[in-house]
Amino acid sequence: MALNKERLKSLYRDMYLIRNFEELIKEYAANGTIPGFVHLSTGQEACEAGVVRALRTTDYKYPDHRGHGAILLCGTDPKYVMAEIFGRATGINGGRGGSMHVHDWSCHNHGFNGIQGSTCVTALGTAFAAKYRHTDDVSAIFMGDGTLGEGTCHESMNMAATWKLPVIYCLINNGYAISTPSKEAHPQEELRQWADGYGVPSWRIDGNDIEAVVEITEEAVNLARKGKGPSLIEFVTYRWQGHFAGDPASYRPAEELEYWKKRDPLILSKKVLIEREGVTQEEISAIENEVDNELQACLKFTLDSPWPVACDALTHVYEEFSVEARQ
Ligand SMILES: Cc1ncc(C[n+]2csc(CCOP(=O)(O)OP(=O)(O)O)c2C)c(N)n1
Ligand SMILES: [Mg+2]
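Cut-offs and rules
- Residues numbered from 1 in each chain as written.
- Chains lettered and ligands numbered in written order.
- Predicted model: local features only at pLDDT ≥ 70, side-chain atom pairs only at ≥ 80, totals over all residues.
- Helix = DSSP H or I, 4+ residues; strand = E, 2+ residues; numbered from the N terminus.
- Rg over C-alpha atoms; globule rule 2.2 N^0.38 Å.
- Buried ≥ 20, exposed ≤ 12 C-beta atoms within 10 Å, placed from the backbone.
- Contact = placed C-beta atoms within 7 Å.
- Core = buried A, V, L, I, M, F, W, Y, C linked by C-beta atoms within 7 Å.
- Near = placed C-beta within 6 Å.
- Nonpolar A, V, L, I, M, F, W, Y, C, P; charged D, E, K, R; others polar.
- Axes fitted to C-alpha atoms, helices over the stretch in contact; angles between N-to-C directions.
- Parallel < 35°, antiparallel > 145°, perpendicular 65-115°, else oblique.
- Left-handed = near helix turned anticlockwise from the far one by under 90°.
- Pairing = 2+ DSSP bridges.
- Right-handed = clockwise from strand over helix to strand, strands pointing away.
- Expected span 1.5 Å × (residues − 1).

Trainee: Lay out the overall build of the chain in plain terms, naming residues and giving numbers.
Mentor: Secondary structure assignment for the chain yields ten helices and seven strands. In terms of overall size, the chain behaves like a compact globule, its C-alpha atoms giving a radius of gyration of 20 Å where 327 residues would be expected to give roughly 20 Å. Counting every position in the chain, which comprises 327 residues, the buried fraction comes to 43%. Considering only contacts within the chain whose residues lie at least 6 apart along the sequence, 74% involve residues at least 24 apart.

In structure tokens form, the structure reads like this:
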């Protein structure tokens, strides 16, 4: 389905924001400014942007460990996301979470916790709550091809299907789980087939085609909103970087990366904008310049921000209450 020009321009902006936000993260992870591991989604921007833009603010969103892109579009000001990833006190979670644990409940971003497959379980809770309260909010979970092998994903799909819960399993098949190729971890090539066993509708689509991502996600969301239960979408894509920023990814052939770089979701959508929608290169450059300026402002805000103070380390760890001991 063709999206209209304005929507496509806006999605191009989203993808450009994700790509260049993560370019900065890559640079500051490499020079040691960002503490801990970061996982980059470069090459997968269409999946992140297309899914989140098919949802609304009140839908429950579960980005995964490679989730900066989805997090950026959930509704939090990007400068608070960047400051969080850099571990600064001004981050959306006070710098306590960092890259893999960016939560913002005000826009129903329920974040990640480091345990693959766990959000398939927690999302059952928000999906059940929506059904119980008679809202039509859906719960969308990002999960990878490797994560699909976790038992929790199957327990979740079984229960969501049985109870007709509004869950969208967004399966980002980027071909690898750390260094293990998907074909060495799953018996079937089309991972969407896992859903068949639970009677869950599923699709397998080109995850680099932003229009396809939006179209199919909206279809799945509509089914869930109407009470038809869960569905699974397999987005076939590729991560350009290794598993984490700094992983040389020597386990994969160079030609593979070259092939996927030619299928860059930003270049593909830029081509559609120019050739089909008649958008000029100047209009595209204007979008890019605006995002570049916004990112420079985010970076300045982040680097000027203080680190959390040590004496605050236990805040939010223990509930503040006193317990009366029985004699
Ligand atoms: C339960 C659990 N097992 C193992 C890990 C370590 N781990 C982190 S990411 C990852 C691979 C995930 O691969 P995939 O689901 O394909 O996502 P991708 O990294 O490709 O985006 C593993 C094994 C973990 N975090 N949690
Ligand atoms: Mg993977």
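Now that the structure has been shown, the text picks up again.
Trainee: Explain the nonpolar core to me, using residue names and the numbers behind them.
Mentor: Of all hydrophobic cores here, the largest spans 73 residues; its most connected members are I141, I168, C170 and L171. Among the elements that make up this core, the one with the highest residue count is helix α1 (residues 5–30) (ten residues). Apart from the residues within four sequence positions on either side, L171 is in contact with M143, D145, L148, L191, L232, I233, E234 and F235.

Trainee: Pulling in residues and values, what's your account of the site of ligand 1?
Mentor: In the vicinity of ligand 1 lie 16 residues, with Q116, G144, G146, T147 and A177 positioned nearest. Among the residues forming the shell around ligand 1, the class breakdown is four nonpolar, nine polar and three charged.

Trainee: Mind laying out the packing of α1 against helix α9 (residues 265–275), listing which residues take part and the relevant values?
Mentor: Two elements in contact, α1 and α9, have axes whose closest approach is 10 Å; the angle formed by their N-to-C orientations is 155°. Viewed along their axes, α1 and α9 adopt a mutual orientation that is roughly antiparallel. Read as a crossing pair, α1 and α9 show a hand that is left-handed. Where α1 approaches α9, its residues L8, K9, L11, Y12, M15, Y16 and R19 are matched on the opposing element by P265, L266, S269, K270, V272 and L273. The residue makeup of the contact of α1 with α9, split by class, is nine nonpolar, one polar and three charged.

Trainee: Now, about the sheet that holds strand β1 (residues 60–62): what can you tell me, with residues and values included?
Mentor: The strand order β1-β2-β3-β7-β6 describes an open sheet built from five strands, whose pairing is parallel. The outermost strands of the open sheet, each flanked by one partner alone, are β1 and β6 (202–206). Taken over all neighbouring pairs, the strand axes of this sheet differ in orientation by 15° on average, direction set aside. Alignment of β6 against strand β7 (residues 231–236), held across five bridges, turns out to be parallel.

Trainee: Any chance you could break down the packing of helix α5 (residues 118–132) against helix α6 (residues 151–162) for me, citing the residues and the numbers?
Mentor: For any two helices packed against each other, one specifies the crossing angle of their axes together with the interaxial distance. The contact between α5 and α6 brings their axes to 7 Å, and the two run at 20°. In terms of orientation, α5 lies roughly parallel with respect to α6. For the pair α5 and α6, the sense of crossing is left-handed. Taking contact as the criterion, the partners of S118, C120, V121, L124 and A127 in α5 are, on α6, T152, C153, S156, M159 and A160.

Trainee: Explain the pairing of strand β3 (residues 167–173) to me, and be specific about the residues and the numbers.
Mentor: Most of β3 is tucked away: seven of the seven residues are buried. The alternating pattern of β3 places V167, Y169, L171 and N173 on one face and I168, C170 and I172 on the opposite face, and all of these are buried. As judged from the six bridges shared by strand β2 (residues 139–144) and β3, these two strands associate in the parallel manner. Directly across from S139, in β3, lies its bridge partner V167. At this point the chain moves from β2, through α6, to the parallel β3, and the crossover so formed is right-handed. Where β3 and β7 come together, six bridges link them in parallel fashion.

Trainee: If you had to explain helix α7 (residues 210–225) to someone new, which residues and values would you point to?
Mentor: Taking 1.5 Å of rise per residue, the 16 residues of α7 would be expected to cover 22 Å, and the 22 Å separating its terminal C-alpha atoms lies within 8% of that figure. When α7 is considered as a whole, its buried residues turn out to be I210, V213, V214, I216, T217, A220, V221 and A224. Those residues of α7 hidden inside the fold are in contact with α1, α2 (45–53), β3, β6, β7 and α9. Once α7 ends, the next one or two residues include G227, with phi positive near 85°.

Trainee: So, the environment of K261: which residues are in play, and what are the values?
Mentor: Counting through the fold element by element, K261 comes out in helix α8 (residues 254–261). Residue K261 is classed as partly exposed on the basis of its C-beta count, with 13 C-beta atoms lying within 10 Å. In sequence terms K261 and N222 are 39 residues apart; their C-alpha atoms lie 32 Å from each other.

Trainee: Outline α1, supporting the account with residue identities and numerical values.
Mentor: With 26 residues, α1 should reach 38 Å at 1.5 Å per residue; the first-to-last C-alpha distance of 37 Å fits that figure. Positive backbone phi, approximately 85°, marks G32, located one or two places after α1.

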